[in-house]
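# Working through the structure, step by step
Now for the letters of each chain:
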Amino acid sequence: MKNIVMIIIKKELARFFGDKRLMLTAVLLPGMMIYLIYSFMGSTLSGLFKSDSDYRYTISTVNLPKSISTLTGDMAADFTAIDVGKIADAKIAIAEKKLDLLAVFPENFDVQVAAHNPASGETAPHVALYYNTTRTESSKAYNLLTTLLNTYESSLANKFDVNAGEDPFNLATKKDASGLLFSSMLPMLLMIFLFSGCMAVALEAIAGEKERGTIATMLITPVKRSELVMGKIIALAIVALISGSSSILGTLLSLPRFMSATKGMPTAFYGFVDYAMLAAVVLSTVLLFISMISIVSAYAKTVKEAQTSVMPLMIVVMLVGVTGMFSGTAQTETLYYFIPVYNSVQSMVGILSFNATATYISITVLVNLLLSVACGFVLTWMFNNEKIMFNK
Amino acid sequence: MKDIIRVIGLNKSFTLSTKQQKLAKSREKVIHAVTDLSFTVEQGEIFGLLGPNGAGKTTTLRMLATLIKPDSGEAVLAGANVVSQPEIVRTKIGFLTSELKLEEFFTPNYLYNFFASLHGINPKLRDQRKRDLFEKFGINNFAEVKIANLSTGMKQKVSLAISLVHDPGIIIFDEPTNGLDVITAKVVTDYLIALRAQGKTILVSTHIFSLVEKICDRVGIIIKGSMAACGKLDDIRGGKTLEDRFFKIYSETMGVVV
Ligand SMILES: Nc1ncnc2c1ncn2[C@@H]1O[C@H](COP(=O)(O)OP(=O)(O)OP(=O)(O)O)[C@@H](O)[C@H]1O
Ligand SMILES: [Mg+2]
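Residues numbered from 1 in each chain as written. Chains lettered and ligands numbered in written order. Predicted model: local features only at pLDDT ≥ 70, side-chain atom pairs only at ≥ 80, totals over all residues. Heavy atoms only, no water.

### Re the overall build of chain A
A count of helices and strands for chain A gives 14 helices and four strands. The buried share among the 392 residues of chain A stands at 46%. Across chain A, the fraction of contacts at a sequence separation of at least 24, relative to all contacts at a separation of at least 6, is 75%. For chain A, the computed accessible surface area is about 20400 Å², with 65% contributed by carbon and sulfur atoms. (Helix = DSSP H or I, 4+ residues; strand = E, 2+ residues; numbered from the N terminus. Buried < 20%, exposed > 50% of the residue type's maximum accessible area, 1.4 Å probe, protein only. Contact = heavy atoms within 4.5 Å. Areas by Shrake-Rupley, 256 points an atom, 1.4 Å probe, with all protein chains shown as cover.)

### A few points about the nonpolar core
Of all hydrophobic cores here, the largest spans 156 residues; its most connected members are A:Ile290, B:Leu64, B:Leu77 and B:Leu203. One finds A:Ile59, A:Ala103, A:Phe105 and A:Ala141 within the second-largest nonpolar core, a separate group that totals 15 residues. (Core = buried A, V, L, I, M, F, W, Y, C linked by side-chain atoms within 4.5 Å.)

### Quick notes on the site of ligand 1
Residues and elements named next belong to chain B. Taken together, 15 residues lie around ligand 1, and Gly 54, Gly 56, Lys 57, Thr 58 and Thr 59 are the ones closest in. In this structure, an oxygen atom belonging to ligand 1 sits 2.8 Å away from a main-chain N or O atom of Gly 54. Residue Thr 59 places a side-chain N or O atom 2.5 Å away from an oxygen atom belonging to ligand 1. Out of a free accessible area of 640 Å², ligand 1 has 70% covered by protein chains. At the level of elements, strand 2 (30–42) and helix 2 (57–64) are the ones that each hand at least two residues to the shell around ligand 1. Top contributing element to the shell around ligand 1 by residue count: helix 2, with three residues. Residues of the shell around ligand 1, tallied by class, amount to six nonpolar, seven polar and two charged. (Near = heavy atom within 4 Å. Polar contact = N/O pair within 3.5 Å; in protein donor to acceptor, adjacent residues only side chain to side chain. Nonpolar A, V, L, I, M, F, W, Y, C, P; charged D, E, K, R; others polar.)

### Topic: the packing of helix 4 (residues 108–118) of chain B against helix 6 (residues 152–163) of chain B
All names here are of chain B. Relative orientation of the contacting elements helix 4 and helix 6 amounts to 20°, with a least axis distance of 9 Å. Taken together, the axis directions place helix 4 and helix 6 in an arrangement best described as roughly parallel. The handedness of the crossing between helix 4 and helix 6 comes out as right-handed. On the side of helix 4, the interface is formed by Pro 108, Leu 111, Tyr 112 and Phe 115, while helix 6 contributes Val 158, Ala 161 and Ile 162. Across the contact of helix 4 with helix 6, the residue classes break down as seven nonpolar, no polar and no charged. (Axes fitted to C-alpha atoms, helices over the stretch in contact; angles between N-to-C directions. Parallel < 35°, antiparallel > 145°, perpendicular 65-115°, else oblique. Left-handed = near helix turned anticlockwise from the far one by under 90°.)

### Looking at the packing of helix 12 (residues 342–352) of chain A against helix 13 (residues 358–384) of chain A
All names here are of chain A. Contact pair helix 12 / helix 13: the axes reach a minimum separation of 10 Å and the direction vectors enclose 150°. It follows from the interaxial angle that helix 12 and helix 13 lie roughly antiparallel. Remark: the crossing between helix 12 and helix 13 carries left-handed chirality. On helix 13, the residues that touch Asn 343, Ser 344, Ser 347 and Ile 351 of helix 12 are Tyr 360, Ile 361, Thr 364, Val 367 and Asn 368. Of the residues belonging to the contact of helix 12 with helix 13, the class tally is four nonpolar, five polar and no charged.

### Some words on the confidence of the model for chain A
In the predicted model, chain A carries a mean pLDDT of 84, and the fraction of residues at 70 or more is 86%. Looking across chain A, the model is least confident in helix 2 (residues 20–49) of chain A, with a mean pLDDT of 74, and most confident in helix 13 of chain A, with 95. (pLDDT = per-residue confidence, 0-100.)

### Side note on the sheet that holds strand 1 (residues 57–62) of chain A
All names here are of chain A. In spatial order, the strands read 2-1-3-4; together these four strands make up an open sheet with mixed pairing. Of all strands in the sheet, those bounded by a partner on one side alone are strand 2 (77–81) and strand 4 (128–130). Averaged over all pairs of adjacent strands, the angle between strand axes in this sheet comes to 20°, irrespective of strand direction. Both strand 1 and strand 3 (residues 101–104) contribute to a ladder of four bridges, which runs parallel. Counted as the bridge partner of Ser 60 is Leu 102 from strand 3. Against the sheet, helix 4 (residues 87–95) touches strand 1, strand 3 and strand 4, its axis set at about 150° to strand 3. (Pairing = 2+ DSSP bridges.)

### Structural notes on the pattern of salt bridges
Summed over the entire model, instances satisfying the criterion amount to 25 salt bridges over all chains. Ionic pairing is found between A:Glu12 and A:Lys11, a salt bridge with its closest N-O pair at 3.3 Å. On the basis of relative accessible area, A:Glu12 is assigned to the buried category, the value being 7%. Note on A:Lys11: relative accessible area 1%, which makes it buried. The partner of A:Arg135 in a salt bridge is A:Glu137, with the nearest N and O atoms 3.8 Å apart. As far as the burial class goes, A:Arg135 and A:Glu137 line up, both buried. Residues joined by salt bridges that share partners form a network here, namely A:Lys11, A:Glu12, A:Arg15, A:Asp19, A:Glu209, A:Lys232 and B:Glu103. (Salt bridge = Lys/Arg side-chain N within 4 Å of Asp/Glu carboxyl O.)

In structure tokens:
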């Protein structure tokens, strides 16, 4: 009996791994697509926040005072002092994007500033900064110098400081921060990728075989319907897992690049137990998905019909996945872990945000496994039912 | 002689969906495909089920092969009951009908081995039988060609070979020569005769008179799901051609002159 199941699994796997097109669409493509999309999103995001790190701003100055020039040492910029007569030329250079910034200070800026009394009502000494918003580097140079000048201005009348010194004031640990990021995105992605992986293989292997009449050939052999169902489900789960892993690998490989944009957080904080729990949840979820999709596709007459009928299920899975994105932390009410699909999402959120407990994970895995077994019985009954297997 | 197939009072009706009703241009919701059908087949003979389109031949054979269940009545094949012991029946018979397809992705060789292993046949016996069957049907040159790339005739011959992987004592063929050219058809009918010589029991369905006259020992004429006549080929013919006798029986049963 075990032997028969193995024979069927082997044939199903041979079918899958021998088919280059299927391998490409179900295994290679999802992972690659995700990697490309996320890497692209990541580099676009980081492009918004920082420009080329080797870049040095070109800034021309008129009457740059001593007080300011001592502060500009940290800026990645080359300062060129020019005469008042060259101001017009410099403005043209900025418009033509050949120069990033022109800073015009009044003569004797330091003396004027020292003499100025804000209470007097006289106009304060004026600094003019010319820049060009259509050039990113120009805008950034403008922001940098404005900040520097404002800081200098407030330092002249220092009444109090906020968060001065080297103390780490943000008390969030790196673990929490990376946990938050992961737990908010990954469960949804995982659910969607796993479900699509299951769909790609299960529709073809059940509805497809029914449509092509090849399952009937199996049905006249002495093989028990239950063995056939078991062999199919296990083989499909293996393939779906491989397909899912490709998606997950794509995500994990691209996430560091994706996150470097939002502050470069290392991801190596998950330990063996976290990974083991995640694997158990993923495995049981895949098994459940495969069994559910198999039932839908066993009921359908054609692959097309099966695709249509599986859509509502897919939408539900996606929506439930999305709830994981906004819940922040995992549910702490035991009852939630008895709800299929939702329990998988909550368990993933829990594991990824370092809040998982063995009880919740066990309940989730157990519920998924029991439901898969129940689906297996339903499927066996369906394989035995001529009205379902030979509906034309 | 021993009755190896016993069919007693078999009934099967199908409920039509609205869509099917439209397709069949019929207002009746229920089709009685097989009505109170009884016959026996003796060990070592070729029995032909002869009947016009829609007579219920395929439905009968599918019930005997345990693909579908009879509404009532029973059928016993080599001592196993189709309703209560379908899994045993499946070990005793080889069944071939056009609705059973082979997975196009695989080669004849792979599928032969796969089905042999499902029947629990040891590799040595399997290879020996495979050599014989592939030789007989000229499959050897195509053994490693995917089913998808085979001609209709070659596909049918591969199906035939695969239906015999377990060397069954009873062979049930629905329209064995349908879609085959005369040469391929002859290979198949000759093989059926050879199988009979080995002591196998063969039940075929057809609407081709010449096939029945060529290979069958006994024949059952099935019209509208019921047995209109059943007996030795010569007794049924009664000195006339089978065709003439068939039309006579047909008009008597249907109450129309053909
Ligand atoms: N699954 C089904 N659902 C509905 N009606 C069916 C089904 N299978 C067979 N029938 C009907 O039962 C009747 C007998 O069909 P069957 O296929 O047994 O005829 P047959 O003798 O094999 O005919 P043919 O020579 O055309 O193959 C036909 O009217 C057919 O339309
Ligand atoms: Mg037929």
